[in-house]
Amino acid sequence: MTTERYASYDGTSLAYRVLGPGPDDGPHGGTGDGGGGAAPVLVCLAGGPGRDAAYLEDLGGLDRALTLVVPDLRGTGESQVGVDPAGYSFPRLAEDVEALRAHLGLERIALLGHSAAAVVAQAYAARHPERLSRLVLVTPGTRLQDRPTADAQEIFHSRSDEPWYPEAVAALEKLATAHELAEIKRLLTRVAPGTYGHWGPRQQAHAAAEGDQLHPVPRAAFWQGVDDAARRAVTDALGGLAVPVLVVTGDRDGASGVAAGGVVAAQFPDARHTTLPGCGHYPWVDEPEAFRRLVAGFVAGG
C-alpha cells in the first residue's frame, strides 16, 4: 500500500491510499460500480472530525471484496494543511472529495463516511448526487439534522457494572465543557471503553492511537461558516437522492447511539438502517466479519 497524491480545487496537495485489488483492477478509469469484473470502488472518509484516516485501517478486511480509496482529509495525516481555515468546513471537504473523484477518473463513486465524516458524505450527496452510486453512513450523529437523540447516554450508562465505568463516566462529564485539545484527548482516552462493543486488547490498541491522530484546526473549523440555512440546504437536498443508502449503527455505541441512525436514514427516499449487535462506534473493530459482509454486499448491489 502506497500513498498517492492529488491536487484539490484550490491546489492543496491531498493524500490517499488504495487498498484492495492490484493496479490492473484499480480505481482509475471506470464507473465505480464494479463493472467489467473489477472490484467495486468505495471511497472511505474518516471522522473525528480532524482525525487521520489511519484509524479506519482496512475496515475489517473490506478490502478483500472492494477497492478502498482512503483519503486523509485536508490537514490530517499526510495531506497538506490548507491556507484558508474555511476549507476545513464540511461543505468544503465535500469539494475535496469531488476533486478526488475527478482525479481517479471515475464517473461515479460509492462513498462511506464514518461518524463526523458521515456529515461530509451527506454534503457530497447533496451537492453531487449524479456522481454517487451508493452511500454508506457508519455510526452517524444528528447535528446536521438538528434532531438530538438521547439513547447514546443510556447505552453508555447501561454498562455501569464494567470495571472501566467509574473513571469513564467522570471523564464524560468533564468532556462536555472541555476546550483545550490536550484535555479533550486525555478525556477521550478515558471515555473510550464506552464507545466500543467490547473492551479487549484489540479495542484498547485502536483507542490508544486516537490522541495522536487528532488535529486541532480541522477539528475546530469543521462547522465553521455553516449557518442554519446552509445546514437545511443539505438536508433538504437529500430528500431527492436517487441512490441506495445504508446507515450502520452498533447496539453498544455509547457515542452516537442507535436512534441517530433512524433519524438520518429517514431523510432519504431509499435507505435502510441496520444495527449490528455487539458493536460500538467502530463496528469494523468489534465485529469485523459482520461489518464486512454487510457493507460489501450493499456496495456490490446486494
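Residues numbered from 1 in each chain as written. Predicted model: local features only at pLDDT ≥ 70, side-chain atom pairs only at ≥ 80, totals over all residues. Heavy atoms only, no water.

Draft legend 1. A look at the overall build of the protein chain. Helices and strands together make up the secondary structure of the protein chain, namely 12 helices and eight strands. Compactness check: the protein chain gives a C-alpha radius of gyration of 18 Å against a globular reference of 19 Å for 302 residues, within 12% of the reference. With the C-alpha coordinates of the protein chain rotated into their principal frame, the extents come out at 55 × 40 × 40 Å. When the 302 residues of the protein chain are sorted by exposure, 56% land in the buried category. Restricting the contact set of the protein chain to residue pairs at least 6 apart, pairs at least 24 apart contribute 74%. Averaging the coordinates of the 26 positive side-chain charges in the protein chain and doing the same for the 37 negative ones gives two points 1 Å apart. (Helix = DSSP H or I, 4+ residues; strand = E, 2+ residues; numbered from the N terminus. Rg over C-alpha atoms; globule rule 2.2 N^0.38 Å. Buried < 20%, exposed > 50% of the residue type's maximum accessible area, 1.4 Å probe, protein only. Contact = heavy atoms within 4.5 Å. Lys, Arg positive; Asp, Glu negative; His and termini not counted. Charge placed at Lys NZ, Arg CZ, Asp CG, Glu CD.)

Draft legend 2. View of the sheet that holds strand β2 (residues 13–19). Strand order in the open sheet formed by eight strands is β1-β2-β4-β3-β5-β6-β7-β8, with mixed pairing between adjacent strands. This sheet does not close on itself; its edge strands, each paired only once, are β1 (3–7) and β8 (271–276). Averaged over all pairs of adjacent strands, the angle between their axes in this sheet comes to 25 degrees, without regard to strand direction. In this sheet, strand β5 (residues 109–114) lies alongside strand β3 (residues 41–45) in parallel orientation, the contact comprising four bridges. The partner of Leu 45 across the bridge, within β5, is Gly 113. Set on the sheet, helix α2 (residues 117–127) makes contact with β3, β5 and β6 (132–138); between it and β5 the angle comes to about 150 degrees. (Pairing = 2+ DSSP bridges. Axes fitted to C-alpha atoms, helices over the stretch in contact; angles between N-to-C directions.)

Draft legend 3. Quick look at the packing of aromatic side chains. Taken as a whole and assessed by the stated rule, the structure comprises 13 aromatic pairs. Between Tyr 55 and Tyr 282, the aromatic rings sit 6.2 Å apart at their centres with planes inclined by 85 degrees, giving edge-to-face as the arrangement. A residue pair is termed long-range when its members are at least 10 positions apart, and Tyr 55 in the loop between β3 and β4 (67–71) and Tyr 282 in the loop between β8 and α11 (283–286) qualify at 227 residues. A single burial state applies to Tyr 55 and to Tyr 282, both of which are buried. Considering the side-chain rings of Phe 90 and Trp 223, the 4.9 Å spacing of their centres and the 70 degrees angle between planes classify their relative orientation as edge-to-face. One end of the pair, Phe 90, is in helix α1 (residues 90–104); the other, Trp 223, is in the loop between α8 (216–220) and α9 (228–238), and 133 residues separate them in sequence. Phe 90 gets classed as buried once you look at its relative accessible area, which sits at 0%. Grouped by ring-pair contacts, the aromatic residues Tyr 55, Tyr 196, Trp 199, Tyr 282, Trp 284 and Phe 291 constitute a single cluster. (Phe/Tyr/Trp six-rings, centres within 6.5 Å; stacked < 30°, edge-to-face > 60°.)

Draft legend 4. The arrangement of the nonpolar core in detail. Among the nonpolar cores identified, the biggest contains 45 residues, and Leu 45, Phe 90, Leu 111, Leu 132, Leu 135 and Leu 137 are the most heavily contacted of them. Examining the composition of this core, we find that nine residues originate from one element, α2, more than from any other. Leu 135 has contacts with Leu 111, Ala 121, Ala 125, Leu 241, Pro 244, Val 245, Leu 246, Phe 268 and Phe 298, leaving out every residue within four places of it along the chain. Ala 53, Val 70, Leu 246 and Phe 298 belong to the second largest nonpolar core, which has 32 residues in total. (Core = buried A, V, L, I, M, F, W, Y, C linked by side-chain atoms within 4.5 Å.)

Draft legend 5. Up close: the side chain of His 206. Among the structural elements, His 206 can be located in helix α6 (residues 201–208). According to the relative accessible area criterion, His 206 is buried, its value standing at 4%.

Draft legend 6. Local environment of empty space enclosed by the protein. Applying the stated criterion across every chain yields a total of two cavities of 30 Å³ or more. One number sums up the size of the largest cavity: a volume of about 90 Å³. In this structure, the largest cavity is lined by 15 residues; those nearest its centre are Pro 49, Gly 50, Leu 73, Leu 93 and Phe 222. Lining the second largest cavity are Tyr 6, Leu 14, Pro 71, Asp 72, Leu 73, Arg 74, Asp 96 and Val 97. Within the lining of the second largest cavity, the residues separate by chemical class into five nonpolar, no polar and three charged. (1 Å grid on protein atoms, 1.4 Å probe; cavity = no way out; pocket = protein on both sides within 12 Å on 5 of 7 lines; lining within 4 Å. Points joined across faces, edges and corners; volume = space filled by probe spheres on them. Nonpolar A, V, L, I, M, F, W, Y, C, P; charged D, E, K, R; others polar.)

Draft legend 7. The arrangement of α6 in detail. Of all the residues in α6, the buried ones are Gln 203, His 206 and Ala 207. Buried residues of α6, seen end-on, are gathered within an arc of 95 degrees and therefore sit on one face of the element. Those residues of α6 that are exposed and angled more than 90 degrees off the buried face are Pro 201, Ala 205 and Ala 208. Considering only its buried residues, α6 is in contact with α7 (210–213) and α11. (Arc of directions from axis to C-beta.)

Draft legend 8. Up close: the pattern of salt bridges. One pass over the full model with this rule turns up 16 salt bridges. Residue Arg 202 pairs with Glu 57 through a salt bridge whose shortest N-O separation is 2.5 Å. Residue Arg 202 is located in helix α6, and its partner Glu 57 is located in the loop between β3 and β4; the two are separated by 145 residues in the primary sequence. A residue is classified by how much of its surface remains accessible, and Arg 202, at 38% relative accessible area, is partly exposed. A salt bridge links Arg 293 to Glu 289, with the shortest nitrogen-to-oxygen separation between them at 3.0 Å. Of this pair, Arg 293 and Glu 289 both sit in helix α12 (residues 288–299), four residues apart, roughly one helical turn. Because the salt bridges share partners, they merge into one network encompassing Asp 10, Arg 74 and Asp 96. (Salt bridge = Lys/Arg side-chain N within 4 Å of Asp/Glu carboxyl O.)

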